[in-house]
Amino acid sequence: MMSSSLTKEEYFNKVRLMTDHVKKQLPKRKDLTETHLDHIVPISFGYQNNIAPEILSLPENLKYISSLSNLKKGHTLTKESINILRSWIKEGKVDTKLKFYINQEEEFEKAKEKYDFSEMYAKIKETGFYVIQDLPPEIAYSFIPISIQRRHDLRWEKTRKALGRIPLPTHRMMICAVYPDGRIERLDGNTRTHIFKNDLQFSDYEKPKSWFVTFIAVVDEKNAIEIYHSIDSTDTAGTFSEKVSGYMHSKGYHINLPTQFQKGEKVYDIAIVVIDG
């Protein structure tokens, strides 16, 4: 059963129940006094990306680590997580679309080696808000889009038309959420990032040489989604079809649908009451 048929609470409970049956097979760490059983590919990532609970509870995705290490890791993907995901993709255990998130995670890890975010993290912890006025494009492009972001790779042409041929200051503005564990998600600027990163803008349009990025502290995923809706879905996305497209993507319903439905087109042919069970 895939995550799209379960609520978040049901999904987490199912993974933990299946994990309880498997953890007896795992060797315990005698060198640690306080241990925690870690899901190397986090449960939250599994839920957001429609990974079956039985896959997340495989022995290869479980290991005992110190409680402090688990707290620091949070919900982030590590190099070990990415390697496991790559093997699952190769073995057909998860959707191949996860390659995008894996590549983005690796890109952000490389970005952190080039750019010092320590001041941003310190200010975020202190005030909950921080602005970087001239962030290099390769760093700004590395941020991972929020999980409920509409399929920008399918609807970029509309945004390119809106951008036109004359660069404006607002075209290089971006908003990102910063989680307590340090994870960063892009809330606004996702479709523009897709356009500029892949050189899809009009040929005579000059891409931004730097980005004006606002970082906002969030408590959890729910908080980030609330901010996202206040920025994007309500005013910018506007149309009913685009909002439903984002909703379907967040629930994992988009996986096996035709492209027109993934774009947000023809959604009037789907009864919303059926979509939500």
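Our structure is the block above this text.
On a predicted model such as this, the values are computed, not experimentally measured, just so you know.

Here's the deal with the packing of helix α5 (residues 79-91) against helix α6 (residues 98-114)
Relative orientation of the contacting elements α5 and α6 amounts to 155°, with a least axis distance of 10 Å. Of the possible angle classes, the one that applies to α5 and α6 is roughly antiparallel. Crossing handedness for the pair α5 and α6: left-handed. Residues Ile82, Leu85, Arg86 and Ile89 of α5 form the contact with α6, whose own contacting residues are Leu98, Lys99, Ile102, Asn103, Glu105 and Glu106. Considered class by class, the residues forming the contact of α5 with α6 number five nonpolar, one polar and four charged.

As for the packing of aromatic side chains
Enumeration over the complete set of coordinates arrives at 11 aromatic pairs. Ring geometry for Phe143 and Phe215: centres 5.8 Å apart, planes at 90°, overall edge-to-face. Of this pair, Phe143 sits in the loop between α8 (137-140) and β4 (144-145) while Phe215 sits in strand β7 (residues 211-217), placing them 72 residues apart in sequence. An identical accessibility class is assigned to Phe143 and Phe215; each is buried. Taken together through their ring pairs, the aromatic side chains of Phe108, Tyr115, Phe117, Tyr121, Phe143 and Phe215 make up a single cluster. Sitting above the plane of the Phe202 ring, Arg165 keeps its charged end 4.2 Å from the centroid. Taking the ring centre of Tyr179 as reference, the NZ or CZ of Arg183 above it sits at 3.8 Å.

Quick notes on the pattern of salt bridges
Side-chain pairing between opposite charges can occur once the charged atoms of the two side chains come close. The final tally for this structure, using the stated rule, is 12 salt bridges. In this structure, Glu109 engages Lys112 in a salt bridge whose closest nitrogen and oxygen atoms are separated by 3.2 Å. Pair noted here: Glu109 and Lys112 are both in helix α6, with a separation of three residues, about one helical turn. Residues Asp188 and Arg192 are paired through a salt bridge, measuring 3.4 Å at the closest nitrogen-oxygen approach. Classification of Asp188 by relative accessible area gives buried; the value is 17%. The buried category is assigned to Arg192, whose relative accessible area is 12%. Look at the salt bridges and you will find they share partners, linking Glu60, Glu91 and Lys93 into a network.

A short note on the sheet that holds β4
Strand order in this open sheet of five strands is β3-β7-β5-β6-β4, and the pairing throughout is mixed. With partners counted over all chains shown, the strands left at the sheet margins are β3 (129-135) and β4, one partner each. Two strands pair when backbone bridges link them, and β3 and β7 are joined in this way by five bridges, in the antiparallel orientation. Bridging from a neighbouring strand, Phe129 pairs with Ile216 of β7. Along the sheet, helix α10 (residues 190-197) contacts β4, β5 (173-178), β6 (184-188) and β7; its crossing angle with β6, the most-contacted strand, is approximately 100°.

Digging into the pairing of strand β2 (residues 62-66)
In terms of residue burial, β2 counts as a mostly covered element, since four of its five residues are buried. Of the pairings in the sheet, the one linking strand β1 (residues 35-39) to β2 comprises five bridges and is antiparallel in character. If you follow His36 over to β2, its bridge partner there is Ile65.

Details of the side chain of Gln201
Looking at the secondary structure, you find Gln201 in the loop between α10 and β7. In contact with Gln201, other than residues within four places in its own chain, are Arg160, Ile195, Phe196 and Lys207.

Quick word on helix α1 (residues 8-22)
In this model α1 runs 21 Å from its N-terminal to its C-terminal C-alpha over 15 residues, within 8% of the 21 Å that 1.5 Å per residue would give. Along α1, the positions that sit buried rather than exposed are Tyr11, Phe12, Val15, Thr19 and Val22. Buried residues in α1, looked at end-on, bunch into an arc of 95°, giving them a common side. The exposed set on the far side of α1, more than 90 degrees from its buried face, consists of Glu9, Leu17 and His21. Turning to α1, the residues buried within the fold contact β1, α2 (43-48), α3 (53-56) and β2.

Re the environment of Ser57
Inspection of the secondary structure puts Ser57 in the loop between α3 and β2. Of the residues examined, Ser57 reaches a relative accessible area of 3% and is grouped as buried. Between the C-alpha atoms of Ser57 and Ile40, which are 17 residues apart in sequence, the distance is 9.9 Å. Sequence-distant contacts of Ser57, that is, excluding residues within four places in its chain, are made with Val15, Met18, Thr19, Val22 and Leu62.

Observations concerning the environment of Gln104
By the secondary structure assignment, Gln104 is in helix α6. Residue contacts for Gln104: discarding those within four places in its chain leaves Tyr141, Ser142, Phe143, Ile144, Pro145, Arg186 and Lys197.

Rules used in this analysis
- Residues numbered from 1 in each chain as written.
- Predicted model: local features only at pLDDT ≥ 70, side-chain atom pairs only at ≥ 80, totals over all residues.
- Heavy atoms only, no water.
- Axes fitted to C-alpha atoms, helices over the stretch in contact; angles between N-to-C directions.
- Helix = DSSP H or I, 4+ residues; strand = E, 2+ residues; numbered from the N terminus.
- Parallel < 35°, antiparallel > 145°, perpendicular 65-115°, else oblique.
- Left-handed = near helix turned anticlockwise from the far one by under 90°.
- Contact = heavy atoms within 4.5 Å.
- Nonpolar A, V, L, I, M, F, W, Y, C, P; charged D, E, K, R; others polar.
- Phe/Tyr/Trp six-rings, centres within 6.5 Å; stacked < 30°, edge-to-face > 60°.
- Buried < 20%, exposed > 50% of the residue type's maximum accessible area, 1.4 Å probe, protein only.
- Lys NZ or Arg CZ within 6 Å of the ring centre and 35° of its normal.
- Salt bridge = Lys/Arg side-chain N within 4 Å of Asp/Glu carboxyl O.
- Pairing = 2+ DSSP bridges.
- Expected span 1.5 Å × (residues − 1).
- Arc of directions from axis to C-beta.

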